[in-house]
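# Examining the three-dimensional arrangement
For reference, the chains in residue letters:
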Number of protein chains: 2
Amino acid sequence: MRPQLPVTGAWRPGDPPGRRQFARLATDRPFVLEGGGMLRDVELAYETWGELSPTGDNAVLVCHALTGDSHAAGELGGGHATPGWWDTIIGPGKAIDTNRWFVVCVNVLGGCQGTTGPASPHPDDHKPYGSRHPVVTIRDMVRAEAVVANHVGVQRWLAVVGGSMGGMQVLEWGVMFPERVRSLVPIATTLAASAQQIAWWSTGRRTIRLDPRWNGGDYYDAEPGAGPSEGLAMARMVSQITFRSEDLFTDRFGREVVEPIEGFELWQRFEVERYLEYHGDKLARRFDANSYLLLTKAMDLHDLGRARGGMDNAVRRITAPSLVMGVDSDFLYPTYQQETIAGALLGNGVDVRYVEINSPHGHDGFLLEHDQVGEQLHDFLLEVEKSDD
Amino acid sequence: MRPQLPVTGAWRPGDPPGRRQFARLATDRPFVLEGGGMLRDVELAYETWGELSPTGDNAVLVCHALTGDSHAAGELGGGHATPGWWDTIIGPGKAIDTNRWFVVCVNVLGGCQGTTGPASPHPDDHKPYGSRHPVVTIRDMVRAEAVVANHVGVQRWLAVVGGSMGGMQVLEWGVMFPERVRSLVPIATTLAASAQQIAWWSTGRRTIRLDPRWNGGDYYDAEPGAGPSEGLAMARMVSQITFRSEDLFTDRFGREVVEPIEGFELWQRFEVERYLEYHGDKLARRFDANSYLLLTKAMDLHDLGRARGGMDNAVRRITAPSLVMGVDSDFLYPTYQQETIAGALLGNGVDVRYVEINSPHGHDGFLLEHDQVGEQLHDFLLEVEKSDD
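Residues numbered from 1 in each chain as written. Chains lettered and ligands numbered in written order. Predicted model: local features only at pLDDT ≥ 70, side-chain atom pairs only at ≥ 80, totals over all residues.

### Points about the overall build of chain A
Scanning chain A from N- to C-terminus turns up 11 helices and 12 strands. Counting every position in chain A, which comprises 389 residues, the buried fraction comes to 57%. Sequence-distant contacts, at least 24 apart, represent 73% of the contacts inside chain A between residues at least 6 apart. (Helix = DSSP H or I, 4+ residues; strand = E, 2+ residues; numbered from the N terminus. Buried ≥ 20, exposed ≤ 12 C-beta atoms within 10 Å, placed from the backbone. Contact = placed C-beta atoms within 7 Å.)

Given below as structure tokens:
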């Protein structure tokens, strides 16, 4: 049988903070969201590495993807359910060298690792928001990150960097705060979610809704094992297929079976099924189903051109030199989308470079091909640093 | 709210037969399945079009895909929940010209449109098999089809034709009954299910299992609306993404929304979501959740080389001239798999031709590109007919 999974894998107040620091947002008034909702007493969890230079010119904001969090670098444990998701890239002497640069990563609004999200206590009754949590957008996340920037004393980022949902934040930074970004590095991302991307994420949300233990979003007082972990794990299983590539699955699993087959049974597993179950369960242990709903919805709503007089007008606000990267085997955020980003920026006269990462890993290549990604990042950061501006 | 969906969309004894005819299989002894299970008093629903020639040399077997059935051609209604799935291709004067050829299509074993499957009455208690139904394989389906061939008086098929799961049957016909097939037309299919294909179908099965109304497979006495239709619809929604292509979704839906957005809500739908829901619900109205489990498992188990001393040995048994077709935009059964089939047959010295269908429709191109598919089929059938053998 499947192991008993927690009701939510969210970090909660009282849990060990680990490397987390906290900034409080708009205590005097509600934080009004793009979608019309509002949040009060928003907490933002963030982490930093390295030291901010006296002139504040060495700060790099790293934006995390769907199931990432502020723990971009560092070890597992002590309040962190995973090792840093870009630990291979961020650190002393690494590509984003924390001896040289001051690195900040903020858990996104609506997330579940310290920043206010659906598992967080509602200020009215100190019970989890659950179904009361409003929809957030990438723009809301970026506005919250700008507050953290103020909090840590960064007027202008040397670079804003991120992949997938992180890359959406990077692009929004470029549009919303052109004067606060000296360069941008959007990776494996898109100007606006495509119909197929919406299809993938929206079916994931429906999978969670299908789990009766989701209970309309109000499940936090369920007994252990009686939360929507199965629905969350299932949603992750499907997305895990889209994160990787066909070749990789063939090479790694082929038609290997978990138990030797003598007679066929419906639930007998091939190795690839065990792999997907492993990833599903692993996420359910450290994530929150409602956050998964909110953040995937934020990705579906991602459209740089929305309410800005169209995409061309929006992109025109981006002036920062940019390094755009894609992964050749990515079928979730195919490389034509990153080429489109680079093309649009080029059309603006922005100093832009497009680099394609060679990888069998699919979308997750932006996390796994740390040598290629790191080398590009490192060189780009050095160039930006040396540039006049 | 969603419309109320039936507990099962299966055809049941007593429902109008429509064009269905029935053959009974092995009444004197159980039909022992490849996977070790057995079935008694198996009924096979099939349809025919045209007339068998006096010498019996004009018979074409058409094998259906996952959610197809014996109704390959003909109208909707009168016991048929859909128009013929290849009605554009099969009929008088059409590509598979029923004035010239005698066409047979059999609902597969484990299916739900007349042939014995999990919604059928168990001979012991006349209650639906439900969880008691054993796993079936493509080879079991083909053995059952061979019984129908005997029943209708066909010793040797002029051609066995089918796409996707139908193509798996075509390949098995070539291996299991080389003397009974004069030619083969496998379309958009594979020699053995790949790890990614297993990943897609196995997560679909888990989605049905996640629906508490599936109830371990015993749901047939549930009240209307209280069956696992939501789980089945969800499984279909995900597979519908894999059946089509990214370009098609972008062109057809883009980022259009169903309801104009004023403020964002979690369950507000983009058009692509409505489309997927439509296809999910549509399938739930005419299909059975347990059949979906069994047939997708049969596809995962599909491996021409199993228990035959490996793939090369298995393929070596195929001697029939073959037309192999793939769809260029298919990412579920990518064209390299059909090229592999053609290459393997060529290595046998088989007279084989590989044709790639140009289509934006993805995997479903084999159903939708009737002009291209039909023209190839028609010409091939005429050639086979004229050939010496």
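### Quick word on the sheet that holds strand β10 (residues 184-187) of chain B
All names here are of chain B. Pairing is mixed in the open sheet, where eight strands are placed in the order β1-β4-β8-β5-β9-β10-β11-β12. Pairing within the sheet leaves two strands with one partner each, and these edge strands are β1 (21-25) and β12 (352-357). Going from strand to strand, the sheet's axes swing by 20° on average, the running direction of each strand aside. Relative to strand β4 (residues 42-49), β1 is paired through five bridges, and the arrangement is antiparallel. When the sheet's bridge partners are listed, Gln21 is paired in β4 with Tyr46. Contacting β1, β4, β5 (59-63) and β8 (102-106), helix α1 (residues 138-152) runs over the sheet at an angle of about 55° to β4. (Pairing = 2+ DSSP bridges. Axes fitted to C-alpha atoms, helices over the stretch in contact; angles between N-to-C directions.)

### With respect to helix α3 (residues 195-210) of chain A
Taking 1.5 Å per residue, 16 residues should reach 22 Å; α3(A) reaches 22 Å between its end C-alpha atoms and fits that length. Within α3(A), 16 of the 16 residues are buried, which leaves the element mostly enclosed by the surrounding structure. (Expected span 1.5 Å × (residues − 1).)

### Remarks on the environment of A:Gly167
Topologically, A:Gly167 is positioned in helix α2 (residues 165-176). Taking the C-alpha atoms as reference points, A:Gly167 and A:His64, separated by 103 residues in sequence, lie 8.3 Å from one another.

### Examining the interface of chain A and chain B
Taken together, the contact between chain A and chain B spans 45 residues of the former and 45 residues of the latter. Secondary structure elements with two or more residues in the side of chain A that touches chain B: α3, α4 (229-243), α5 (246-252), α6 (271-286) and α7 (289-301) of chain A. By residue number, the principal contributor to the side of chain A that touches chain B is α3(A), which donates 10 residues. Looking at side-chain class alone, the side of chain A that touches chain B contains 23 nonpolar, 12 polar and 10 charged residues. (Nonpolar A, V, L, I, M, F, W, Y, C, P; charged D, E, K, R; others polar.)

### Details of the packing of α4(A) against α6(A)
Residue and element names in this part refer to chain A. One way to put it is that α4 packs onto α6 with a least axis distance of 8 Å and a crossing angle of 130°. Comparing the axis directions of α4 and α6 gives the class oblique. In this structure, α4 meets α6 at a crossing whose hand is right-handed. Every residue of α6 that contacts α4 at Ser229, Leu232, Ala233, Met234, Arg236, Met237 and Gln240 is listed here: Leu276, Glu277, His279, Gly280, Asp281, Leu283 and Ala284. (Parallel < 35°, antiparallel > 145°, perpendicular 65-115°, else oblique. Left-handed = near helix turned anticlockwise from the far one by under 90°.)

### Concerning the relation of the copies chain A and chain B
Overlay of chain A on chain B (RMSD 0.0 Å): rotation 180°, translation along the axis 0.0 Å. The transformation relating the two chain copies, once decomposed into turn and shift, fits a two-fold axis. Most of the interface of chain A is mirrored in chain B: 100% of its interface residues are interface residues there too. (Least-squares fit on C-alpha atoms with pLDDT ≥ 70 in both.)

### Notes on α4(A)
With 15 residues, α4(A) should cover 21 Å at 1.5 Å per step; its first-to-last C-alpha distance of 20 Å lies within 8% of that length. Of all 15 residues in α4(A), 15 are buried, a share of seventy percent or more.

### Here we look at the sheet that holds strand β9 (residues 159-163) of chain A
All names here are of chain A. Here we have eight strands laid out as an open sheet, ordered β1-β4-β8-β5-β9-β10-β11-β12, and mixed in their pairing. Edge strands, defined here as strands with exactly one partner in the open sheet, are β1 (21-25) and β12 (352-357). Taken over all neighbouring pairs, the strand axes of this sheet differ in orientation by 20° on average, direction set aside. Pairing of strand β5 (residues 59-63) with strand β8 (residues 102-106) involves four bridges; the strand directions are parallel. By the bridge assignment, Val62 is partnered in β8 with Cys105. Strands β1, β4 (42-49), β5 and β8 of the sheet are contacted by helix α1 (residues 138-152), whose axis makes an angle of about 55° with β4. Strand contacts of helix α11 (residues 370-386): β9, β10 (184-187), β11 (322-327) and β12, with the helix running at about 175° to β11, the strand carrying the most contacts.

### Here we look at the domain arrangement of chain A
All names here are of chain A. Taken domain by domain, chain A comprises domain 1 (21-192 + 306-386) and domain 2 (198-296). Between domain 1 and domain 2, the C-alpha centre-to-centre distance is 26 Å. Each residue belonging to the side of domain 1 that touches domain 2 can be placed in one class, and the counts come to 13 nonpolar, 12 polar and one charged. (Domains from an automatic or database assignment.)

### What about the packing of α1(A) against α2(A)?
Residue and element names in this part refer to chain A. As a packed pair, α1 and α2 sit with axes 9 Å apart at the nearest point and diverge in direction by 70°. As summarised for this structure, α1 and α2 are arranged roughly perpendicular, according to the angle between their axes. For α1 against α2, the interelement crossing comes out right-handed. Packed against α1, whose contacting residues are Ile138, Arg139, Met141 and Val142, the element α2 presents Met168, Gln169, Glu172, Trp173 and Met176 at the interface. When its residues are assigned to classes, the contact of α1 with α2 shows six nonpolar, one polar and two charged.

### Some details on the environment of A:Gly93
Within the secondary structure, A:Gly93 sits in the loop between β6 (90-91) and β7 (96-97). C-alpha separation for the pair A:Gly93 and A:Asn150, spaced 57 residues apart in sequence, amounts to 27 Å.

### Examining the pairing of β11(A)
Residue and element names in this part refer to chain A. In terms of residue burial, β11 counts as a mostly covered element, since six of its six residues are buried. Where burial is concerned, the two faces of β11 agree: the one with Ser322, Val324 and Gly326 and the one with Leu323, Met325 and Val327 are both buried. Judged from the six bridges that link them, β11 and β12 form a sheet pairing that is parallel. Counted as the bridge partner of Val324 is Tyr354 from β12. Running through helix α9 (residues 335-347), the crossover from β11 to the neighbouring parallel element β12 is right-handed. (Right-handed = clockwise from strand over helix to strand, strands pointing away.)

### A closer look at unusual backbone geometry
Backbone phi values are negative for most residues with the exception of glycine, while trans is the configuration of most peptide bonds. Residues and elements named next belong to chain B. Located in the positive-phi region is Asp41, a residue other than glycine, with phi close to 50°. With respect to the secondary-structure elements, Asp41 resides in the loop between β3 (38-39) and β4. A residue is classified by how many C-beta atoms lie within 10 Å of it, and Asp41, with 15 of them, is partly exposed. Not every positive phi belongs to a glycine, and Ser164 is a case in point at roughly 60°. The residue Ser164 is located in the loop between β9 (159-163) and α2 (165-176) in this model. For Ser164, a count of 27 C-beta atoms within 10 Å translates into the label buried.

### Re the environment of B:Ser164
Along the sequence, B:Ser164 and B:Leu332 sit 168 residues apart, while their C-alpha atoms lie 9.5 Å from each other. Aside from chain neighbours lying at most four places away, what touches B:Ser164 is B:Ala65, B:Leu66, B:Ala188, B:Thr189, B:Tyr333, B:His363 and B:Phe366.

### Structural notes on the confidence of the model for chain A
When pLDDT is averaged along chain A, the result is 96; 99% of the residues meet or exceed 70. Across the predicted assembly, pTM comes out at 0.97 and ipTM at 0.96. (pLDDT = per-residue confidence, 0-100.)

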